[in-house]
Amino acid sequence: MTHWFHRNPLKATAPVSFNYYGVAAGPPASKICNDLRSSRTRLLELFTDLSCNPEMMKNAADSYFSLLQGFINSLDESTQESKLRYIQNFKWTDTLQGQVPSAQQDAVFELISMAFNVALWYTKYASRLAGKENITEDEAKEVHRSLKIAAGIFKHLKESHLPKLITPAEKGRDLEARLMEAYIVQCQAEAQEVTIARAIELKHAPGLIAALAYETANFYQKADHTLSSLEPAYSAKWRKYLHLKMCFYTAYAYCYHGQTLLAGDKCGEAIRSLQEAEKFYAKAETLCKEYGETKGPGPTVKPSGHLFFRKLGNLVKNTLEKCQRENGFIPNPNRRKK
């Protein structure tokens, strides 16, 4: 099954020379600064390189972050921070607030911002792979793995590094805890979408698929709620995506729950469940249109034309028709009165 995921743009940053004349004296220090500059440049180049794969990204990120640690932690492995932590000013834009940069003279700010972009890259890589037609089982596993890695990075940054910032992030900025939480939950929801697709392909029990779909809808609802107090000019498009996915997977849940009821000869209840699926699918369809018309960060697409969306519409329609036929021919205590 192909998937469609909303993606916010990558963060942009100003160049950093790492030239510290009079501070970094001697060949070893100069080499470290040169390595920092080249490894940072290399990592930034990979963010937009379509040939980059997870192994390349991991190696480049490890190379840069291992050097950057010297600007954060004391070399004698004590609990004290490095004396170089505040020597360099770093500038980064935000995924939601466009080209308006934030700047801090703090290596921890650089670590969080760059790692944030690494996590975003994993989500974008997963999205490209998941959007292919006839995605293979190995590719589906790679999508799932990439989304879990991204969620893990966001979670680690939120719990271990955000509290270390001397200057807290402004409201609505990427490094604010609730935005980080929204990214974490979205990654969890999208990873579960892959699990649902796999369960459908393997023809698992409809009850299991319904439960997974319901949980996925709740993930999207939670992510949407996390963004509810943000400025609509920045968050409206993202929230439309989260809301439409919530409606979409609620429709999925009702659809497969209806199949479970039908298998138990509960035709009347099955019909009611499928009618609820129709309602939520219609809501999702409306939100798809609104998503395409809403301005803000993110791609300009028409989700309702995507294969993943059309397949559910046909499934709901066909399952409801089957329930209605069964209700007309099989006598049972749950049969709806004419």
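Sequence order sets the numbering: in each chain, residues are counted from 1 along the sequence as written. For a predicted model such as this one, the threshold for reporting local features is a pLDDT of at least 70, and the threshold for listing and counting side-chain atom pairs is 80 or more; totals across whole chains, interfaces and linings nevertheless cover every residue. No hydrogens and no water enter the side-chain calculation; it runs on all heavy atoms of the structure.

As a reminder of what qualifies: UniProt positions are given in the numbering used here, feature names are shortened, and annotations may be inferred rather than shown by experiment.
As named in an unreviewed UniProt entry, the protein is BRO1 domain-containing protein BROX, taken from Prolemur simus. The Sequence similarities (unreviewed entry) field of the UniProt record for the protein holds the comment "Belongs to the BROX family."

1. What to know about the overall build of the protein
Our working definition: The numbering of helices and of strands both runs from the N terminus, where a helix is a DSSP run of H or I of at least 4 residues and a strand a run of E of at least 2. Throughout, exposure labels follow a simple rule: accessible area from a 1.4 Å probe, protein chains only, divided by the maximum for the residue type, with under 20% read as buried, over 50% as exposed, and the rest as partly exposed. To be clear on the numbers: accessible area is Shrake-Rupley with a 1.4 Å probe, and residue cover counts the displayed protein chains and nothing else.
A count of helical and extended segments in the protein gives 9 helices and 2 strands. Going from the N terminus to the C terminus, the protein shows its helices and strands as α-α-β-β-α-α-α-α-α-α-α. Along the first, second and third principal axes, the C-alpha atoms of the protein reach 90 × 40 × 35 Å. In the protein, buried positions account for 48% of the 338 residues. Entry remark: accessible area of the protein is about 16,600 Å², with carbon and sulfur atoms responsible for 54%.

2. Notes on unusual backbone geometry
Even without being a glycine, Lys203 presents a positive backbone phi close to 55°. Residue position: Lys203 is located in the loop between helix 5 (177-201) and helix 6 (206-226). Classification of Lys203 as exposed rests on a relative accessible area of 73%. Even without glycine at this site, Asp265 takes up a positive phi of about 60°.

3. A few points about the packing of aromatic side chains
Keep this limit in mind: Here is the rule: rings of Phe, Tyr and Trp (six-membered ring for Trp) pair when centre to centre is within 6.5 Å. Planes less than 30 degrees apart are stacked, more than 60 are edge-to-face, and the remainder are tilted. Over a ring means this: the NZ of a Lys or the CZ of an Arg is within 6 Å of the ring centre and within 35 degrees of the ring normal.
Scanning the entire structure with this criterion turns up 18 aromatic pairs. A ring pair is formed by Phe18 and Phe71, whose centres lie 6.1 Å apart and whose planes are at 70°; its orientation type is edge-to-face. Here Phe18, found in the segment before helix 1 (27-47), pairs with Phe71, found in the loop between helix 2 (54-68) and strand 1 (90-92); they are 53 residues apart in sequence, far enough to count as distant. Judged by relative accessible area, Phe18 falls into the buried class, the value being 0%. Exposure remark for Phe71: the relative accessible area of 5% places this residue in the buried category. For the pair Tyr252 and Tyr256, a centre-to-centre distance of 5.8 Å together with 15° between the ring planes defines the contact as stacked. Here Tyr252 pairs with Tyr256, and both are found in helix 7 (residues 232-263), just 4 residues apart, close to one helical turn. Accessibility expressed as a relative area gives 4% for Tyr252, which makes it buried. Taking relative accessible area as the criterion, Tyr256 reaches 8% and is therefore assigned buried. Chaining the aromatic ring pairs together yields one cluster made of Trp4, Tyr220, Tyr241, Phe248, Tyr249, Tyr252, Tyr256 and Tyr291. Positioned above the aromatic ring of Tyr291 is the side chain of Lys237, whose terminal nitrogen or guanidinium carbon lies 4.3 Å from the ring centre.

4. Side note on the nonpolar core
If you look at soluble globular proteins, the nonpolar side chains tend to sit buried side by side. Our working rule: We call a set of buried Ala, Val, Leu, Ile, Met, Phe, Trp, Tyr and Cys residues a nonpolar core when their side-chain atoms join them within 4.5 Å. Whether two residues touch is decided by their heavy atoms; if any such pair falls within 4.5 Å, the residues are in contact.
Counting 102 residues, the largest nonpolar core has Phe18, Leu43, Met57, Phe65, Ile112, Val118 and Phe154 as its most contacted members. With 17 residues, helix 3 (residues 107-130) is the single largest residue contributor to this core. Other than its neighbours up to four places away in sequence, Leu43 contacts Met57, Ala60, Ala61, Tyr64, Met114 and Val118.

5. Describing helix 1
We count it as follows: Multiplying one less than the number of residues by 1.5 Å gives the expected span of a helix. By definition, the arc is the one covered by directions from the helix axis to the C-beta atoms.
Here helix 1 is 21 residues long and its end C-alpha atoms lie 31 Å apart, about the 30 Å a rise of 1.5 Å per residue gives. Of all the residues in helix 1, the buried ones are Cys33, Leu36, Ser39, Arg40, Leu43, Leu46 and Phe47. Within helix 1, the buried residues cover an arc of 160° as seen down the axis, which keeps them to one side. In helix 1, the exposed positions that point more than 90 degrees away from the buried face belong to Pro27 and Lys31.

6. Overview of the packing of helix 6 against helix 7
Counted only if it meets this: Axis geometry follows a simple rule: fit a line to the C-alpha atoms, using only the stretch in contact for helices, then measure angles between N-to-C directions, giving values from 0 to 180 degrees. Small angles under 35 degrees read as roughly parallel and large ones over 145 as roughly antiparallel, with 65 to 115 read as roughly perpendicular and the rest as oblique. The crossing is said to be left-handed when, going from far helix to near helix, the turn is anticlockwise and less than a right angle, and right-handed when the turn is clockwise. In the scheme used here, Gly and all other residues not listed as nonpolar or charged are polar, with Ala, Val, Leu, Ile, Met, Phe, Trp, Tyr, Cys and Pro taken as nonpolar and Asp, Glu, Lys and Arg as charged.
Closest axis-to-axis distance for the helix 6/helix 7 pair is 8 Å, and the angle between their directions is 160°. Regarding the angle of helix 6 to helix 7, the classification is roughly antiparallel. Once helix 6 is placed against helix 7, the crossing between them reads as left-handed. Class assignment for the residues of the contact of helix 6 with helix 7 results in 15 nonpolar, 7 polar and 3 charged.

7. Observations regarding the pattern of salt bridges
What counts, and what does not: Salt-bridge detection follows one rule: a side-chain nitrogen of Lys or Arg within 4 Å of a carboxyl oxygen of Asp or Glu.
Summed over the entire model, instances satisfying the criterion amount to 22 salt bridges. With a shortest N-O distance of 2.8 Å, Asp62 and Lys58 are connected by a salt bridge. Of this pair, Asp62 and Lys58 are both found in helix 2, 4 residues apart, which corresponds to roughly one turn of the helix. In this structure, the salt-bridge partner of Asp94 is Arg173, at a minimum N-O distance of 3.3 Å. In this pair, Asp94 sits in the loop between strand 1 and strand 2 (102-104) while Arg173 sits in the loop between helix 4 (137-161) and helix 5, placing the two residues 79 residues apart along the sequence. This pair shows no difference in class: Asp94 is buried, exactly as Arg173 is. Residues joined by salt bridges that share partners form a network here, namely Glu137, Lys141, Arg198 and Glu201.

8. Some thoughts on the environment of Leu147
Inspection of the secondary structure assignment puts Leu147 in helix 4. Along the primary structure Leu147 and Gln188 are separated by 41 residues, whereas in three dimensions their C-alpha atoms are 7.2 Å apart.

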